[in-house]
Structures are given as C-alpha cells and as structure tokens.
Number of protein chains: 2
Amino acid sequence: MSQRVTLQTIADKVGVSRTTVSNAWSRPDQLSDEVRIRILKVADELGYGGPNPAARGLRRGRADAIGLLLTETLQYAFGDPHAAELLRGVAAAIEKADTGLLIVPLPPQRGIGEALRSAVIDGCLMYSMPTGHPAVDALRHRQIPLVTIDGPRLEGVPFVGIDDRGASRELAELVFSYGHRDVLVLSIRIVDDLHDGPIDEQRLDAGVYRNAVERVRGTFEAADAAGVPRDGIRLYEVSRNHRDRAQEVVAAALASERPPTAVIALSDELAAGALAAATASGLRPGTDITIVGFDDQDAAAHLDLTTVRQSAYDKGYQAAAQLVGAAPVGDLVLPHQLVRRGTVGPVRT
Amino acid sequence: MSQRVTLQTIADKVGVSRTTVSNAWSRPDQLSDEVRIRILKVADELGYGGPNPAARGLRRGRADAIGLLLTETLQYAFGDPHAAELLRGVAAAIEKADTGLLIVPLPPQRGIGEALRSAVIDGCLMYSMPTGHPAVDALRHRQIPLVTIDGPRLEGVPFVGIDDRGASRELAELVFSYGHRDVLVLSIRIVDDLHDGPIDEQRLDAGVYRNAVERVRGTFEAADAAGVPRDGIRLYEVSRNHRDRAQEVVAAALASERPPTAVIALSDELAAGALAAATASGLRPGTDITIVGFDDQDAAAHLDLTTVRQSAYDKGYQAAAQLVGAAPVGDLVLPHQLVRRGTVGPVRT
DNA sequence: TATGGTGACTGTATCGATCAAGTAGATCGC
DNA sequence: GCGATCTACTTGATCGATACAGTCACCATA
C-alpha cells in the first residue's frame, strides 16, 4: 500500500494495460471515453499525479524546457536592468512555445555543478559567458542546440548580439569629432578575475568577455582613425558593472593632474557613475565634460545621456526563438543605434 | 556508427561494464585511476557528453531543480520590480544549494500546458497564484514539496508571506486617524477576470488573490474600528498592477462631484499612479490629499510615499530555502513595517 | 462467405542510467 | 594456513513511461 503509484498500479486496478493508461493522458483519442473516465477516476482515488516527468522525458527524448546559463551569480543577474530586459524577451518566446526555462546556477569555483549536470533541457542559451568557461565546454559536449548571446563566439554555435565593435566605434567617433584628445575609457569586465584598474593591450588580448573586448577595440579603431594618440586614452576596467565603483574611479581621475575631458563608459551603468562623479565635482555634462554610455537602458533618457541603443529584449527573444524552433537557426546581428543626447560637447578650453 | 553514444557504447569499447563507466562520473572513488582515465579518454573520442540527465533523474529520483509558477505572464513578471526582487531571493537560495530553477509558463487559457506536465523538478514554488487554478491542483497531485508565496493558502502546503491584513489595517488606521472619511481604495487584482472597476462585497468574497483580499479586509477592519461609514469608502479594483491605469482612475475620481480626500493604494505601483494624478490636478500630496501605498519598493522613497515595507527578497529566499532543505518546512509570516513619509496629512477643509 | 477496414486495446522492447548485491583476487592478521 | 577484509570490478534488477507492432472483435462490402 505504501508503494508508489505508477501506470501499472492503475492498469492492474482498472484491468487494462499500462499503455492504455498512458494513453488516457498522452493521447486521449486513442481510447474510448468510458475507459478513459474509469482510468482517471481510479488514478484520482489512488492519488496518482499524472505521468512521471522524468520517465516521460527519458522515453520521449525531449524535455519541453530550455536552459539558460549566465555569467553572473544569479542574484546579481536578476537585479541588472539589461539582464532583466533580456529575460523578458526570452520569456516571451518560451511562453509562446509552451516551454519551460531552466536557470542554472554556476558554482562560484568555476566548476560545473550538479545543477548543470542534471539539467533536463532540449537546448541552452548562454548569456555573456566568458570564453573557455568549463560549463560552456560541458554544454557543447552535450549534443543539444545552443545559442550564445553577446558572447562567446563559438564555432558551430549560433550567436545573437549586435556589432559591438562598430557601435562603439561610432560612439567614440562622435566623441573624438568634438576634439577630445584626453579620454578616459571605462570598460566593463574584460577578464574573469575581478581585477579593477588600468589595463594594457596584453590584458585586452587575454580578454574573455567578447562584447567588452569588441567595444574597447572599436574605441581604439576610432581613435586611430581620428589620429588620436594612444597615450591620450586611458583604459580602465571596472570588474563589476555598478555605478558606485565607476563614480569612485572617475572622481579620482578628475582630481588627478591631468583630468580627462571626456569619459567613454562602455555601459550606461558605468556612465551613470561617471555623471555622478562629474556633477559632484561641479562639472556640467555636455558643457564642462563629455560623457557617453552604452545600452540605452531606461535610465539613460532621464540622464540625458548620449549612448548606443540596443534591444536586450530582442536579443533574448530571438535567441530563445531559435531554440524553440520559432526562428531559423544561425548567427543574428541585431541593429544598434547611436542616440545623441545632451552629455556630449566640445572640449572646454 | 550513427548510433547515439551511451554508457554501454563506451563500456564495450573499453572492455568494462556499464556500471563502471557510470562510476567514472558519479563515483570516481569506486574505480582505479587507470581505468577511469581510459574511460574518460574513450568517452571523449566518441563525443560522449556525460550521463544523460533524463535517465539519471529517473533512476536517482531527483532533479536538482525546483520549479516556479507565477500568476502572470512571464513577460510581465520579469518587468515587475517586486517579482524581480523575489527572484533575487530565490536565486540566492538555489545558488547555495546548487539547484536549478525551472520557470514554468502557464498557457493563457488557464490550462496546464506541456511545460508543466514535463517539468522535472523536486519541488515547486507558487507565487501569488489564484485560488482554484488548475495548475495548482495539478501540482498538488504530484507528490512533491510545495510552498506558496503570498497565496493561496492551501492545507498542508507551507505558506510564506506577511500579515497582509494586519499591515493594511495599520496603514488604513493611520489614514483614518487624520480624519479622512472619504477614501478611495485602489486594490490590486482580486478576481481573475481582468475586470476593472468598482467592486462590492460579493466580488470580494469571490476573490481568488489572497493578498489582495486580505489587504482590502484589513482596510475595512480599520474603517469599522474608526467608525468610518462604509459608504465613505469607495473600493476600486485595478486588474493590472500598473501606474497608468491607476492614474486614470484617480484622475476621474478627483474630477467627480465628491472627490476623495485620501487614496489608499494597495501597491506602490498604484500609489505612483495616484500621485501622478494628484499632482496633475494641482494637489500637493500630504497637504491637499493623502496617498499611501504598499510594498515600499525602491521608487517609494523617491516619491516620499507612506507605505508598508515588506521584503520580497526574504519571501523568495525563505520559500526557496524550504524546498532545497536549507530551512525548516512550514508556514512563515515575515515581518512588515509601516513606513511613514510625507504623503499623509490631515483632511484639508 | 470471404475479404478488408477500423476502433480499441495488448505485449514487448526500449529509453539510459543507477543501485544493491555479488564475485574474484589480493592482502592481512594471528 | 585459513578466515576476514579490501579493492575493483560485474550482473541483474529497476526507475516509469512511451513507441510500435500486433491482435482481436466487429462491421461493411462484394
């Protein structure tokens, strides 16, 4: 009596075969109403909760769920506006397809973890994972469809994102066109080691976050094209995409001997910190100092921030659509747009 | 050659048993290094991606994942600050436990859907589901641990939330103590039919969203205790927790023959709409009109809104902790706190 | 009356792994 | 020198369902 209830239990009691009982749920048209109702009644009496999902999944070879792997600790990801917007897009796609979304935490020690090993999924999204992360390798080994968002770019794995390099080039061109020759570039995380500080070419070459590296390279390209000497560009990596840290860094730079006349922040969040630092120093953005961002998240308009618009929602939607078969599979470079607002101006002499 | 690679494939090639191959992953201490390395090498050559999660899950009887069922369309849920904060809490708990989080979409037609039927999970959170939803029943039938957050209250299912009734009573008491006798109560969704408009007791009795019903009842209790006649209280249900709609409703009320002197909004989002409407009518909150909210989400402080503080993060964390075995299982009523700010004042004569 | 079609089920193989129990051979203790 | 213990495996059963190929009764058609 304490045995678990399975299809067989019900089959025995009703006097039909296991298969018929199975059909009562999965293919109701395969049996007579009379038998089906009798089966459901007995199932209810026995407290049977419907076909076991694990067994079902094993036999059918599908999970009706896709996975999502994120760089960040999940706690942080759910707080980040860009990630939240991406999730909205993913949600829209899976909702349509009646497919679950399994969010898989990664252990802090950069391993793989039981959660990923046990993840019953038909495919997996990877959002801004660092190149060479063991979890990425583990997933590639599994023979399920994958899509990366923002990075990394992997052979044979569709990529969804924007032309980060081109976008940042446009952004930097704008800044240089106003005559700025002394620029602080605030980069989002490039290497996966929580390092915070000025960085050199060597570190850039060792970068694992594709979009960060691309944005920095785009900035350099614009500098070269505009004939800006490299020593006029100070590159600073902020390991955590948070405005407070950016504010400290910019405040320090402004208090230095040779303060920059412009700050190119490679995310709006960092730009917000830069703006706060500038304002605190009595500088008017767009007049006394030029500050630009990247992403055009909601707050950017309020801050009157010049930035690059990209749609996190679309990235999420398109990537997930590929996995649920709602969109053709393959690389997808989404559009971006330079949004000119008030925080850019000529060098103040 | 095109056959799928399984443990058996590898076992045959290496010349050991299936189980030994299995052990190479699951219990590395059970076999000699020499054999294990040989197995892993062959596995790699054959492109084996590790033990099949579905089969593993079936045999082991666990999924290393918990589910999350939400009222809303997911798209909306990821945009809602309170839900996002809750997710952060959930994320913190599952991250610690190395457990996945499966977010299950519900089909728009109030059914169950393949995603839920196939959900391979060890337990499930339900966040503010309406009483009597078929998905709730389906989950209860399944013999896995459940926890409801905010509602419904189900026999034998632990509940995590706050004392919504007591909290709203305190909130209303404050308002009535300032002499308000003509109050508009803006309620979040009570019944699951997208109805928008004034509501009566009968509809309240038929309410399916526990926290909404409780908050309204608490308000009534405070009114009774303060000797406020029931016809001095206009109850209006806003089906979608969005400020724009609240603004319209409050604007209309303020333009009516007998405008309310206070608005009790049962969420901060609705309160934000009420504030916007008041300001647009030239009324100064706290001076010309009293407005209170509920939740104390981030925006509330900026709006100087008097409200009730509760921690969505804690709700999520505690509920998830119960499912992953990190906290004792059982009902948990978390603390709340009346936060007095500037939007409350005496009736202006 | 033979033939074929159809609806409603049954029986068996299979999905891919894990677990419990068992075994062969080596090592150890007294 | 003999049983006890240990290591490194193997075997067989099991998890719970679904796919597929029959089987059988029943009816229609020629």
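Look a little higher up for the structure.
The shown structure was predicted, so the numbers you read here are calculated from the model rather than taken from an experiment.

Draft legend 1. Main features of the relation of the copies chain A and chain B. Once chain A is rotated about the relating axis by 180 degrees and shifted along it by 0.1 Å, it coincides with chain B to within an RMSD of 0.1 Å. Both copies are brought into coincidence by an operation consistent with a two-fold rotation axis. If distances are taken from each C-alpha of chain A to the rotation axis, the shortest is found for Leu102(A), at 2.1 Å. Most of the interface of chain A is mirrored in chain B, where 100% of its interface residues again form contacts.

Draft legend 2. Region of interest: the layout of surface pockets. Taken as a whole, the largest pocket encloses approximately 1800 Å³ of empty space. Looking at the largest pocket, it is lined by 49 residues, and the ones nearest its centre are Gly79(A), Pro81(A), Asp298(A), Gly79(B) and Pro81(B). Sorting the residues of the lining of the largest pocket by element identifies helix H5 (74-77), helix H6 (81-97), helix H14 (298-302) and helix H15 (312-323) of chain A together with helix H5 (74-77), helix H6 (81-97) and helix H14 (298-302) of chain B as the ones contributing at least two each. In the lining of the largest pocket, the residues fall into 14 nonpolar, 18 polar and 17 charged.

Draft legend 3. How the structure looks around the interface of chain A and chain B. On the side of chain B, 44 residues touch chain A, which itself brings 44 residues to the contact. Between chain A and chain B, the buried area comes to about 3900 Å², and carbon and sulfur atoms account for 59% of it. In terms of surface lost to chain B, no three residues of chain A exceed Gln75(A), Phe78(A) and Glu95(A), which account for 16% of the buried area on that side. Between the two partners, chain A and chain B, sit four salt bridges. Of the charged contacts in the structure, one is a salt bridge between Arg60(B) and Glu114(A), with a shortest N-O distance of 3.7 Å. Here chain A is connected to chain B by 19 residue pairs in polar contact (both at pLDDT 80 or more). Within the residue set of the side of chain A that touches chain B, elements represented by two or more residues are helix H4 (53-60), H5, H6, strand E2 (100-104) and helix H7 (114-117) of chain A. Across the side of chain A that touches chain B, the residue classes break down as 22 nonpolar, twelve polar and ten charged. Relative to strand E2 (residues 100-104) of chain B, E2(A) is paired through three bridges, and the arrangement is antiparallel. Across the sheet, Leu102(A) pairs through a bridge with Leu102(B), a residue of E2(B).

Draft legend 4. Up close: the protein's contact with DNA strand C. Around DNA strand C, the surrounding shell holds 26 residues, and the nearest of these are Ser17(A), Arg4(B), Ser22(B), Tyr48(B) and Arg59(B). Considering the 4 Å shell around the protein, atoms of DNA strand C inside it are sugar or phosphate in 61% of instances. At a separation of 2.4 Å, a phosphate oxygen of DNA strand C approaches a polar side-chain atom of Tyr48(B). Within the contact set of DNA strand C, a phosphate oxygen lies 3.1 Å away from a backbone nitrogen or oxygen of Asn52(B). Elements supplying a minimum of two residues to the surface near DNA strand C: helix H2 (18-26) and H4 of chain A together with helix H2 (18-26) and helix H4 (53-60) of chain B. Top contributing element to the surface near DNA strand C by residue count: H4(B), with five residues. Looking at the surface near DNA strand C residue by residue, the class counts come to nine nonpolar, ten polar and seven charged.

Draft legend 5. Looking closely at the protein's contact with DNA strand D. Looking at DNA strand D, there are 26 residues lining it, with Arg4(A), Ser22(A), Tyr48(A), Arg59(A) and Thr20(B) nearest. Each atom of DNA strand D within 4 Å of the protein belongs either to a base or to sugar and phosphate, the latter forming 60%. At 2.4 Å, a side-chain N or O of Tyr48(A) approaches a phosphate oxygen of DNA strand D. Ser17(B) is positioned with one of its backbone polar atoms (N or O) 2.6 Å from a phosphate oxygen of DNA strand D. Secondary structure elements with two or more residues in the surface near DNA strand D: H2 and H4 of chain A together with H2 and H4 of chain B. At five residues, H4(A) tops the list of elements feeding residues into the surface near DNA strand D.

Draft legend 6. Up close: the environment of Asp98(A). Topologically, Asp98(A) is positioned in the loop between H6 and E2. For Asp98(A), a relative accessible area of 21% translates into the label partly exposed. Considering only alpha carbons, one finds Asp98(A) and Asp64(A), 34 residues apart in sequence, at a separation of 7.5 Å. Not counting the four nearest positions on each side in its chain, Asp98(A) is found in contact with Pro105(B), Gly113(B), Glu114(B) and Ala115(B). In terms of polar contacts, Asp98(A) uses its side chain to reach the backbone amide nitrogen of Glu114(B), at 2.7 Å.

Draft legend 7. Inspection of the sheet that holds strand E8 (residues 233-237) of chain A at higher detail. Residues and elements named next belong to chain A. If you trace the five strands from one edge of the open sheet to the other, you get E7-E8-E6-E9-E10, paired in mixed fashion. Only two strands of the sheet have a single neighbouring strand rather than two, namely strand E7 (197-198) and strand E10 (290-292). As paired strands, strand E6 (residues 183-187) and strand E9 (residues 262-265) are joined by four bridges and run parallel to one another. When the bridges of E9 are listed, leucine 186 appears paired with alanine 265. Packed on one face of the sheet, helix H9 (residues 164-177) meets E6, E8, E9 and E10 and runs near 175 degrees to E9. On the sheet, helix H12 (residues 243-254) packs against E6, E8 and E9 and is oriented at approximately 160 degrees with respect to E6.

Draft legend 8. Layout of the pattern of salt bridges. Overall, the coordinates contain 60 salt bridges over all chains when judged by the stated rule. Across the pair Glu221(A) and Arg165(A) runs a salt bridge whose closest N-O atoms are separated by 2.7 Å. Of this pair, Glu221(A) sits in helix H11 (residues 210-225) while Arg165(A) is found in helix H9, placing the two residues 56 residues apart along the sequence. What makes Glu221(A) partly exposed here is its relative accessible area of 27%. In this structure, Asp288(A) and Arg284(A) form a salt bridge, with 2.9 Å as the shortest nitrogen-oxygen distance. A residue is classified by how much of its surface remains accessible, and Arg284(A), at 45% relative accessible area, is partly exposed. Among the charged side chains, a salt-bridge network with shared partners connects Arg56(A), Arg60(A), Arg62(A), Asp64(A), Glu114(B) and Arg117(B).

The rules behind the values
- Residues numbered from 1 in each chain as written.
- Chains lettered and ligands numbered in written order.
- Predicted model: local features only at pLDDT ≥ 70, side-chain atom pairs only at ≥ 80, totals over all residues.
- Heavy atoms only, no water.
- Least-squares fit on C-alpha atoms with pLDDT ≥ 70 in both.
- Contact = heavy atoms within 4.5 Å.
- 1 Å grid on protein atoms, 1.4 Å probe; cavity = no way out; pocket = protein on both sides within 12 Å on 5 of 7 lines; lining within 4 Å.
- Points joined across faces, edges and corners; volume = space filled by probe spheres on them.
- Helix = DSSP H or I, 4+ residues; strand = E, 2+ residues; numbered from the N terminus.
- Nonpolar A, V, L, I, M, F, W, Y, C, P; charged D, E, K, R; others polar.
- Buried area = accessible area lost by both parts, 1.4 Å probe.
- Salt bridge = Lys/Arg side-chain N within 4 Å of Asp/Glu carboxyl O.
- Polar contact = N/O pair within 3.5 Å; in protein donor to acceptor, adjacent residues only side chain to side chain.
- Pairing = 2+ DSSP bridges.
- Near = heavy atom within 4 Å.
- Buried < 20%, exposed > 50% of the residue type's maximum accessible area, 1.4 Å probe, protein only.
- Axes fitted to C-alpha atoms, helices over the stretch in contact; angles between N-to-C directions.

The values are spatial; any link to function lies outside them.
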